[in-house]
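The residues making up each chain are set out below.
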Amino acid sequence: MSSNPVLAPSPHLHGLPDFPSIRDDDFLPAFDEAMAAHLREIEKIAGDKAQPTFANTIEALETSGQLLARAAGTFFNLSGADTNPERNAISTVLAPKLTAHGNTIALHPGLFARINTLFENRESLDLDEPSLRLLEKRHRGSIRAGAGLDAAGQVRMREISERLATLTTAFGQRILDDSNDSAVFVDDVDKLAGLSSGQIAAARRSATEAGHDTGYLLAIELPTSQSTVASLEDPETRRRVFDASVNRCARGGPNDTREMVLEIVRLRAERARLLGYRDHAEFVIAEETAPSPEAVEDLLTDLMSSAMRAGGRELTRLAKDVGTDIGPSDLTYWLAKDEQQRSAVPLGGFSDYLELDAVLTQGVFFAAGQLYGLRFVERSGLPTYHPDVRAWEVFDRSDASIGLFLGDFFARPSKRGGAWMNNFIDQSLLLKTRPVIVNVLNLTKPEAGQPCLLTMDQLTTLFHEFGHALHGLLSTVRYPSQSGTSVPRDFVEFPSQVNEMWALHPKVLQQYAKHHETGAPIPQELADAARANADVESAHGTIEYLAAAILDMAWHRVTVEDDITDVEAFEKAALTKAGAAADLIPPRYRSSYFNHIFGGGYSAGYYSYIWSEVLDAETEQWFLTGGGLSAELGQRFAETTLSRGDSVDPIVAHQELLGRPAEIEPLLRRRGLLPT
């Protein structure tokens, strides 16, 4: 038993890490110890004198590396949600070491020989579907790591993968640093007109924390569009915030990422070619539910064509109503004004009914209880990694404790931008582990004693990320590598998008939408107006997203023969070619701060949001036509999708749910892209 607190068995419920006992100095020794232990386990499996069987090889691999999984689950959650210079340095050291460790296992000749023997004889093994999928995935993983290459090819694959690990880790760190450095200082509160009192107070607090005796500091969020820009009445302040956002990591200096982008793209293209693929997109999509990069490109191009037409109509109407020139830094402001004016009921007061704790406990948790029979009990005595983090024990219909849910909702300089779900511990019947799940958001923390009031977008995000949490919490698979969200990238967003539908559902809204001061329920006309406003996404939002997805595909269709030297020129050419060049609407992420694809796991996969939304739109109709918020439908959805992870083919499972393949028309209708 290890004495390192990172690796020692936890005394807490469901193995929640004992955060108070862990120091940053513990992490590197813990990883060294865990990797060494893992390699000993691998050598034992590979050196087994008995003939390879599923149990002594594939299942044995699933039970190996538990110390390493514990260390990784703890450290990488902290490095994303609450980093510091020490943790950044540890990440930089760990990235190539962990990649080399993974390569050593994937390319181990004795181990691969055993896996390959089982793979070649798989039809005679009489395996159930989860076991067969696991065997096939293990075999593909070794091949994709280079096990089928000659010695020189394997050496080069190791070099590429280790360099990519270093680059992608540094990329994310530079974005966080540059976003913090790009915060916009405002010296006059009058220039913040349009922001709520809570936002202004948070900007003043940020300025104080940054060392300013006076003034206000507007933080920069991860996407190009900034929520403050949609509210700020002063055009010059809007322009300053917009420019700070869109020029991140592309101004020279230590946080410039453009050379990193070019190197990442070149290395990915070379790796794909070594493995016999045309480009990185083809390499990635071979593991997804989409049939080919061409199919993805066709979908994106078709949708963009429809979105640009809708956007043209939207801008024409807006220009007529506004009666003044609209620049890129003004568009979201005037769109927000237009939405308010076109609403039958003013929506300005909707946030007064969206207090965070009420939405979470009486909305998000309520819907999960109605659909899946879940009950959430807050456990204030459990240790967490930051004072703002809260923990709930989760119980199922039989009152059995099935896992832990952690909520980390407020922004801070140590947290990377965006919102996400992650696992500290994966569910596994084989390992007898319960899931420990965290949702991370970046809401503005209110002053002491004041409520945190959500915007419509933040309300949707809260339900979306909890959809991922449900995917993890309701998992009931045998093998840890098939647990919860361990599904193809272009399917993983599907359950989370489905969960968004409950945010404004009448039965859910009436539970949580109480005025934060008076406790009065939301007026029916305001609730109806909010639903009507949310029914169809603006063309602007669709264009932003599709442009980013098109950029992702363009970068990852680059081949080893292509010589790209100018990031901005490549962006412009790619968007123009796809009919996505819109001066007023830049992509949701420009290349220099596109963390999803150059620092995260979405390379050649950012399309997955819209790909999954095809399934989501169909499933929303399935719920609504079947009766909506019902335990019967929730149980059916959990049985076919949420509980099964990657133990079955997810697309086949979805077809079983609907009784047919999904069609695209519900998505087009939802996004307002059908011809008028």
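Data block above holds the structure.
This write-up is about the structure you can find in this document. Every value quoted in this text rests on a predicted model; they were computed, and no experiment measured them. (Residues numbered from 1 in each chain as written. Predicted model: local features only at pLDDT ≥ 70, side-chain atom pairs only at ≥ 80, totals over all residues. Heavy atoms only, no water.)

**Focus on empty space enclosed by the protein**
- Evaluation of the coordinates by the stated rule reveals 5 cavities of 30 Å³ or more.
- If you add up the space inside the largest cavity, you get close to 70 Å³.
- Taken together, the residues of the lining of the largest cavity break down into 5 nonpolar, 5 polar and 1 charged. (1 Å grid on protein atoms, 1.4 Å probe; cavity = no way out; pocket = protein on both sides within 12 Å on 5 of 7 lines; lining within 4 Å. Points joined across faces, edges and corners; volume = space filled by probe spheres on them. Nonpolar A, V, L, I, M, F, W, Y, C, P; charged D, E, K, R; others polar.)

**What to know about the pairing of strand β4 (residues 390–395)**
- Most of β4 sits out of view: 5 of its 6 residues are buried.
- Here strand β3 (residues 375–378) runs beside β4; their pairing, made up of 4 bridges, is antiparallel. Bridge pairing in β4 links Val 377 to Glu 393.
- Across 6 bridges, the pairing between β4 and strand β5 (residues 401–410) is antiparallel. Paired with Phe 395 across the strands is Ser 401, a residue of β5.
- Linking β4 back to β5 in an antiparallel pair, the connection comprises 5 residues, with Asp 399 at a positive phi of about 70 degrees. (Buried < 20%, exposed > 50% of the residue type's maximum accessible area, 1.4 Å probe, protein only. Helix = DSSP H or I, 4+ residues; strand = E, 2+ residues; numbered from the N terminus. Pairing = 2+ DSSP bridges.)

**A word on the packing of aromatic side chains**
- This structure, assessed with the given rule, holds 33 aromatic pairs.
- Arranged with centres 6.0 Å apart and planes meeting at 80 degrees, the rings of Tyr 589 and Tyr 606 form a pair that is edge-to-face. Of this pair, Tyr 589 sits in the loop between α20 (567–577) and α21 (595–598) while Tyr 606 sits in the loop between α21 and α22 (608–626), placing them 17 residues apart in sequence. One exposure class covers both Tyr 589 and Tyr 606, and it is buried.
- Measuring from ring centre to ring centre gives 5.6 Å for Phe 623 and Phe 637, while their planes differ by 75 degrees; the resulting arrangement is edge-to-face. Here Phe 623 is found in helix α22, whereas its partner Phe 637 is found in helix α23 (residues 631–642), with 14 residues between them in sequence.
- Sitting over the face of the ring of Phe 119, Arg 122 holds its NZ or CZ atom 3.9 Å from the ring centroid.
- The ring of Phe 283 has Arg 144 lying over it, and the distance from NZ or CZ to the ring centre is 3.8 Å. (Phe/Tyr/Trp six-rings, centres within 6.5 Å; stacked < 30°, edge-to-face > 60°. Lys NZ or Arg CZ within 6 Å of the ring centre and 35° of its normal.)

**A few points about the pattern of salt bridges**
- If you walk through the whole model with that rule in mind, you get 43 salt bridges.
- Ionic pairing is found between Arg 122 and Glu 136, a salt bridge with its closest N-O pair at 3.7 Å. Of the two residues, Arg 122 is situated in the loop between α5 (109–120) and α6 (129–145) and Glu 136 in helix α6; the sequence distance between them amounts to 14 residues.
- Accessibility expressed as a relative area gives 26% for Arg 122, which makes it partly exposed.
- Look at Glu 136 and you get partly exposed, because its relative accessible area is 24%.
- Two residues, Asp 178 and Arg 251, come together in a salt bridge whose shortest N-O distance is 2.7 Å. Remark: Arg 251 occurs in the loop between α9 (235–246) and α10 (258–274) and Asp 178 occurs in helix α7 (residues 151–181); sequence separation between them is 73 residues.
- In the salt-bridge network here, residues are joined through shared partners; they are Asp 24, Asp 82, Arg 87, Asp 408, Arg 412 and Lys 415. (Salt bridge = Lys/Arg side-chain N within 4 Å of Asp/Glu carboxyl O.)

**Regarding the side chain of Lys 415**
- Here Lys 415 is to be found in the loop between β5 and β6 (420–425).
- Polar contacts involving the side chain of Lys 415 include one to the side chain of Asp 408, which spans 3.0 Å.
- Reaching out from Lys 415, the side chain makes a polar contact with the backbone oxygen of Phe 410 at a distance of 2.7 Å.
- Leaving out residues up to four positions away in the same chain, Lys 415 has contacts with Gly 80, Ala 81, Leu 176, Asp 408, Phe 409, Phe 410, Trp 420, Val 440, Leu 441 and Asn 442. (Polar contact = N/O pair within 3.5 Å; in protein donor to acceptor, adjacent residues only side chain to side chain. Contact = heavy atoms within 4.5 Å.)

**With respect to a negative patch on the surface**
- A cluster of like negative charges, contributed by Asp 126, Asp 128, Glu 129 and Asp 649, occupies part of the molecular surface.
- Residue placement: Glu 129 occurs in helix α6.
- What makes Glu 129 partly exposed here is its relative accessible area of 40%. (Patch = residues over 30% accessible without salt bridge, like charges linked within 9 Å, V, L, I, M, F, W, Y side chains within 5 Å. Areas by Shrake-Rupley, 256 points an atom, 1.4 Å probe, with all protein chains shown as cover. Lys, Arg positive; Asp, Glu negative; His and termini not counted. Charge placed at Lys NZ, Arg CZ, Asp CG, Glu CD.)

**Remarks on the environment of Phe 54**
- Inspection of the secondary structure puts Phe 54 in helix α2 (residues 54–63).
- A relative accessible area of 12% means that Phe 54 is categorised as buried.
- Separated by 68 residues in sequence, Phe 54 and Arg 122 have C-alpha atoms that sit 9.4 Å apart.
- When near neighbours in sequence (up to four residues on either side) are disregarded, Phe 54 contacts Glu 59, Leu 118, Leu 127, Ser 131, Leu 134, Leu 135 and Tyr 479.

**Details of the pairing of strand β7 (residues 436–443)**
- In terms of burial, β7 is largely enclosed, as 7 of its 8 residues are buried.
- Two strands pair when backbone bridges link them, and β5 and β7 are joined in this way by 6 bridges, in the parallel orientation. In the strand pairing of β7, Gly 407 is matched with Asn 439.
- Of the pairings in the sheet, the one linking β6 to β7 comprises 5 bridges and is antiparallel in character. Looking across to β7, one finds that Met 421 is bridged to Asn 439.

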